Amino acid sequence: MLPKTVKISKIIDENPSVKTFYFSHNLKSKPGQFVMLWLPDIDQKPFSISSDDGENFGLTVFKRGPLTEKLFTLKVGDRAGSTGPFGTCYSILPNRHYIMVAGGYGAAPLSFLSTKICELPGVTIDFIVGARSKDLLLFEDRLKLIPHLKIHATTDDGSAGRKGRVTDVLEELLKNATSKPLVVTCGPELMEKAVLDLCNKYDSDCELSIERQMKCGFGICGQCAVDDLGLCMCIDGPVVNRALANRIFELGKYHRDKAGNKINY
Amino acid sequence: MLHTTFLNKTFSNPIVLASGILGVTGASLAHMVENGCGGVTTKSISLEPRPGHKNPTMMGTDDYFLNAVGLSNPGVANALPEIAKFHSLSTAPIIASIFAGTADEFGEVAEHICASPIDFIEVNISCPNVGKEFGTPFAYSTTAIEAITKIVKSKSTVPIIIKLSPNAWNIAEMAKAAEAAGADAITAVNTISGLMIDIESRRPILANKQGGVSGPALLPIALKCVYDIYASVKIPIIGTGGVTTGRDAIAMIMAGATLVGVGSAAYYREKTCFAKIVAEMAEFMQTENIKSLAEIRGAAHTN
Ligand SMILES: Cc1cc2nc3c(=O)[nH]c(=O)nc-3n(C[C@H](O)[C@H](O)[C@H](O)COP(=O)(O)OP(=O)(O)OC[C@H]3O[C@@H](n4cnc5c(N)ncnc54)[C@H](O)[C@@H]3O)c2cc1C
Ligand SMILES: Cc1cc2nc3c(=O)[nH]c(=O)nc-3n(C[C@H](O)[C@H](O)[C@H](O)COP(=O)(O)O)c2cc1C
Ligand code: FES
């Protein structure tokens, strides 16, 4: 588990505070998994994999603090350290209707999942992507290229797609579903919790991605353990199914900081 | 066969989760009991909350594990509900690990933590990774060990265990000092100082630069420490360091340990390492016709 040196091969500006960085390395990852990205002298943090074609893998990053600010100054050819891939992945199933619910950079791992499943027989995708306003909507262009995928954009202010929340669209789709869909979601925890509640209401299968503070990423530090099961989200997550999510008491209520103190949502 | 009595408390098996591994929350500690250990140790707890060092805080290879977490913990006030949570989920014994920057502060944390349902206090005076903040670990000085042991003992309502460092060349002297000052048991050992360099970036891998070595590379070092301490003191020992298999654990008991601490094995054999080690111990005992661990405790000393 030593960091592997990886070179930046491409950078895409998604919006003023989000960029996708591609690294030339055959990561052998599955959608939903994450890597620990290290910039020497700065920090090392977990990031979901947003693409992996066997030659390059991508990370879609929201500029937030010291590590991501430094990352945003890097150029093609610069290097970083990567460990992983770690964690569980989303189910990849043929002959299934998927409903994806994405908020913020959650659109990235779900678009990776879409590219993997769209090639399978009988797969159709409703992709619900939400943002506060039009300029913050991520990945619309890339999603348009994926076959058997229908985009449902929502914005809080109505500047693109439908005015409202992703869960409004989800409820309509679940209400009218003819076959049993698989709902997969990635985004802010309170949004994911609302998605879970709807899936419970309509008895729909569901997979969520749970973010917790991570020090190691491989099941040693215990920083990412959830109440009351004590399972680590770097090993038994980040992707969990509906049954497991329903047993994670703290989901949507609180998470823990670097010291281990509870922070309420 | 594996039931072990340690300071009048019964452990269903002698394997205890070592401090700092999967021990941030009460639920996580209880989950490790489900995974087979006979008892657990909390991550070391201080008076005030600490976020710890920046990442990378740890790394591992097939041969060794290296960490400098920087003693992150939520502070004693917030640790109390986690211990209560453990108690509500599990009946296994729990050791509360504490640390501080001064002898008086050690006493304060000990007094505070005794308000929760703990079975023992482990006094961590041997972390090699916070030297910049706290200076040389107390575990290198008999004077410091005596002072800290006395004050913690006077403030505690449960037996106290002093955790020693393999960096101290004369660890048996340190154990004797702790015993003389009133310690009820010894944990040996904490990690030994080390460093690893990423040759592409030309930087130490850990953000703290230096860290503590644990895992397989630590086993022979830990065995020697436990062997020497067993020959020098009467109080029981928790033998910790590099145990990843049942055979390693048996060796630790033959060196003189009563309980066996296991941490980094969770990296090598996942969190199910505890049940695996316990099963391997039982299998060895059956093959060798050993009826109880008391039969082989310290066996390596008779010649
Ligand atoms: C499994 C997993 C997958 C992740 N995937 C991605 C990804 O694909 N893209 C991405 O941009 N980020 C992702 N993250 C989050 C990313 O690891 C953090 O945002 C990271 O802390 C950024 O580091 P920084 O040093 O730039 O900012 P920090 O200094 O760490 O953060 C700055 C501020 O943001 C807050 N903050 C940090 N992380 C979070 C969070 N997760 N939720 C709410 N507040 C937070 C901090 O409390 C702090 O106040 C993921 C996290 C996990 C656990
Ligand atoms: C990630 C990690 C964190 C640790 N944190 C602590 C700690 O907080 N307090 C402590 O006394 N020892 C700590 N240790 C040391 C262990 O408790 C143990 O003494 C050491 O790792 C040797 O055992 P092992 O080889 O079975 O891991 C830590 C070790 C590791 C690997
Ligand atoms: S991040 Fe360390 S156990 Fe999950």
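Conventions adopted
Just so you know, the residues in each chain are numbered from 1, in the order the chain's sequence is written. Starting at A for chains and at 1 for ligands, labels are handed out in the order in which the entities are written. Totals for whole chains, interfaces and linings use all residues, but because this is a predicted model, local features are given only for residues with pLDDT of at least 70 and pairs of side-chain atoms are given and counted only at 80 or more. Each side-chain value is derived from all of the structure's non-hydrogen atoms; neither hydrogens nor water enter the calculation. Contacts were defined at the residue level, with two residues in contact if any of their heavy atoms lie within 4.5 Å. Simply put, the buried area is the total loss of 1.4 Å probe accessible area from both parts when two parts are fitted together. Salt bridge, as applied in this entry: a Lys or Arg side-chain nitrogen positioned within 4 Å of an Asp or Glu carboxyl oxygen. Every helix listed is a DSSP run of H or I at least four residues long, and every strand listed is a run of E at least two residues long, numbered separately from the N terminus. Basically, the charged four are Asp, Glu, Lys and Arg, the nonpolar ten are Ala, Val, Leu, Ile, Met, Phe, Trp, Tyr, Cys and Pro, and anything else, Gly included, counts as polar. Relative accessible area decides the class of each residue, using a 1.4 Å probe on protein chains only: under 20% of the type maximum gives buried, over 50% gives exposed, and in between gives partly exposed. Residues are classed as near a molecule or strand on a simple rule: at least one heavy atom within 4 Å of it. Polar contact is the term for a pair of N or O atoms within 3.5 Å; when the atoms are in protein, one must be able to donate a hydrogen and the other to accept it, and sequence-neighboring residues count only if both atoms are side-chain atoms. All accessible areas in this document rest on Shrake-Rupley with a 1.4 Å probe, and a residue is counted as covered only by the protein chains that are shown. Under the convention used throughout, the expected extent of a helix is 1.5 Å for every residue step, that is, one less than its residue count. The reported arc concerns the directions from the helix axis to the C-beta atoms and nothing else. UniProt positions are given in the numbering used here, feature names are shortened, and annotations may be inferred rather than shown by experiment. Patch membership needs two things, relative accessible area over 30% and no salt bridge, and members are linked within 9 Å if like-charged or within 5 Å if nonpolar (Val, Leu, Ile, Met, Phe, Trp, Tyr).

Brief notes about the interface of chain A and chain B
Part 1 of the reasoning: Taken together, the 36 residues of chain A in the interface contact 40 residues of chain B.
Part 2 of the reasoning: Both faces combined, the contact of chain A with chain B buries some 3000 Å², and carbon together with sulfur accounts for 56% of it.
Part 3 of the reasoning: When the buried area of chain A at its contact with chain B is split by residue, A:Trp38, A:Lys215 and A:Ile220 rank highest and sum to 20% of it.
Part 4 of the reasoning: Linking chain A to chain B there are 4 salt bridges.
Part 5 of the reasoning: Between B:Lys85 and A:Asp228 there is a salt bridge, and its shortest N-O distance comes to 2.7 Å.
Part 6 of the reasoning: Among the elements of the structure, strand E3 (34–39) and strand E4 (43–52) of chain A are those that each provide at least two residues to the side of chain A that touches chain B.
Part 7 of the reasoning: In terms of residue class, the side of chain A that touches chain B is built from 18 nonpolar, 8 polar and 10 charged.

Things to note about helix H2 (residues 107–117) of chain A
Part 1 of the reasoning: With 9 of 11 residues buried, H2(A) lies mostly within the body of the structure.
Part 2 of the reasoning: All of the buried residues along H2(A) are A:Ala107, A:Ala108, A:Pro109, A:Leu110, A:Ser111, A:Phe112, A:Leu113, A:Ser114 and A:Ile117.

Some thoughts on the site of ligand 1
Residues and elements named next belong to chain A.
Part 1 of the reasoning: In the vicinity of ligand 1, 15 residues are found, and the nearest of them are Lys45, Pro46, Phe62, Thr68 and Glu211.
Part 2 of the reasoning: One of the backbone N or O atoms of proline 46 is found 2.6 Å from an oxygen atom in ligand 1.
Part 3 of the reasoning: One of the backbone N or O atoms of threonine 60 is found 2.8 Å from a nitrogen atom in ligand 1.
Part 4 of the reasoning: When isolated, ligand 1 has an accessible area of 890 Å², and the protein chains bury 71% of it.
Part 5 of the reasoning: Put simply, the parts of the chain that give the shell around ligand 1 at least two residues each are E4, strand E5 (56–62) and helix H1 (66–71).

A look at helix H7 (residues 219–230) of chain B
Residues and elements named next belong to chain B.
Part 1 of the reasoning: The first and last C-alpha atoms of H7 sit 16 Å apart over 12 residues, in line with the 16 Å expected at 1.5 Å per residue.
Part 2 of the reasoning: Leu219, Ala222, Cys225, Val226 and Ile229 are the residues of H7 that are buried. Looking straight down H7, one finds its buried side chains confined to an arc of 125°; they lie on one side.
Part 3 of the reasoning: If you follow the buried residues of H7, they end up packed against strand E9 (160–164), helix H6 (171–180), strand E10 (185–188), strand E15 (237–240) and helix H8 (246–255).

Remarks on the UniProt feature "binding site: [2Fe-2S] cluster" (unreviewed entry) in chain A
Part 1 of the reasoning: Under the local residue numbering, the UniProt record ascribes the feature "binding site: [2Fe-2S] cluster" (unreviewed entry) to A:Cys216, A:Cys221, A:Cys224 and A:Cys234. With the annotated positions falling across 19 residues, the maximum pairwise C-alpha distance of 10.3 Å places them together in a single cluster.
Part 2 of the reasoning: Relative to the elements of secondary structure, A:Cys221 occurs in the loop between strand E12 (205–209) and strand E13 (239–241).
Part 3 of the reasoning: Contacts of A:Cys221, omitting those with residues within four sequence positions, involve A:Lys215, A:Cys216, B:Gly20, B:Leu22, B:Gly23, B:Val24 and B:Met58.
Part 4 of the reasoning: Tracing the chain through its elements places A:Cys224 in the loop between E12 and E13.
Part 5 of the reasoning: Once you skip the residues sitting within four places of it in the chain, A:Cys224 turns out to touch A:Arg212, A:Gln213, A:Met214, A:Leu231, A:Cys232, A:Met233 and A:Cys234.

Details of the site of ligand 2
All names here are of chain B.
Part 1 of the reasoning: Ser19, Ser44, Lys163, Gly242 and Ser264 are the nearest of the 24 residues found near ligand 2.
Part 2 of the reasoning: Between glycine 242 and ligand 2, the recorded distance is 2.7 Å, taken from a backbone N or O atom to an oxygen atom.
Part 3 of the reasoning: Between ligand 2 and glycine 263 there is a distance of 2.9 Å, counted from an oxygen atom to a backbone nitrogen or oxygen.
Part 4 of the reasoning: The fraction of the free accessible surface of ligand 2 (610 Å²) that becomes covered by protein chains is 98%.
Part 5 of the reasoning: Across the shell around ligand 2, the residue classes tally to 8 nonpolar, 14 polar and 2 charged.

Observations concerning a nonpolar patch on the surface
Part 1 of the reasoning: Side chains of B:Leu195, B:Ile197 and B:Ile199 sit close together on the surface and give an oily, nonpolar patch of about 310 Å² of accessible area.
Part 2 of the reasoning: On the secondary structure map, B:Ile197 appears in strand E12 (residues 197–198).

Remarks on the UniProt feature "domain: Dihydroorotate dehydrogenase catalytic" (unreviewed entry) in chain B
Part 1 of the reasoning: According to UniProt, the "domain: Dihydroorotate dehydrogenase catalytic" (unreviewed entry) feature falls on residues 1–285 of chain B.
Part 2 of the reasoning: Across residues 1–285 of chain B, the secondary structure splits into 36% helix and 20% strand, with the terminal C-alpha atoms separated by 9 Å.

Quick notes on the UniProt feature "binding site: FMN" (unreviewed entry) in chain B
Residues and elements named next belong to chain B.
Part 1 of the reasoning: Mapped onto this structure's residue numbering, the UniProt feature "binding site: FMN" (unreviewed entry) falls at Ser19, Lys43, Ser44, Asn124, Lys163, Val189, Gly215, Gly241, Gly242, Gly263 and Ser264.
Part 2 of the reasoning: Within the secondary structure, serine 19 sits in the loop between strand E3 (15–17) and helix H1 (26–34).
Part 3 of the reasoning: Look at serine 19 and you get buried, because its relative accessible area is 14%.
Part 4 of the reasoning: Once residues lying within four places of it in the same chain are set aside, the contact partners of serine 19 are Thr41, Thr42, Lys43, Ser44, Ser97, Glu122 and Lys163.
Part 5 of the reasoning: Here threonine 42 takes part through its backbone oxygen, which lies 2.8 Å from a polar atom of the side chain of serine 19.
Part 6 of the reasoning: What glycine 263 contacts, discounting residues up to four positions off in sequence, is Ala18 and Ile21.

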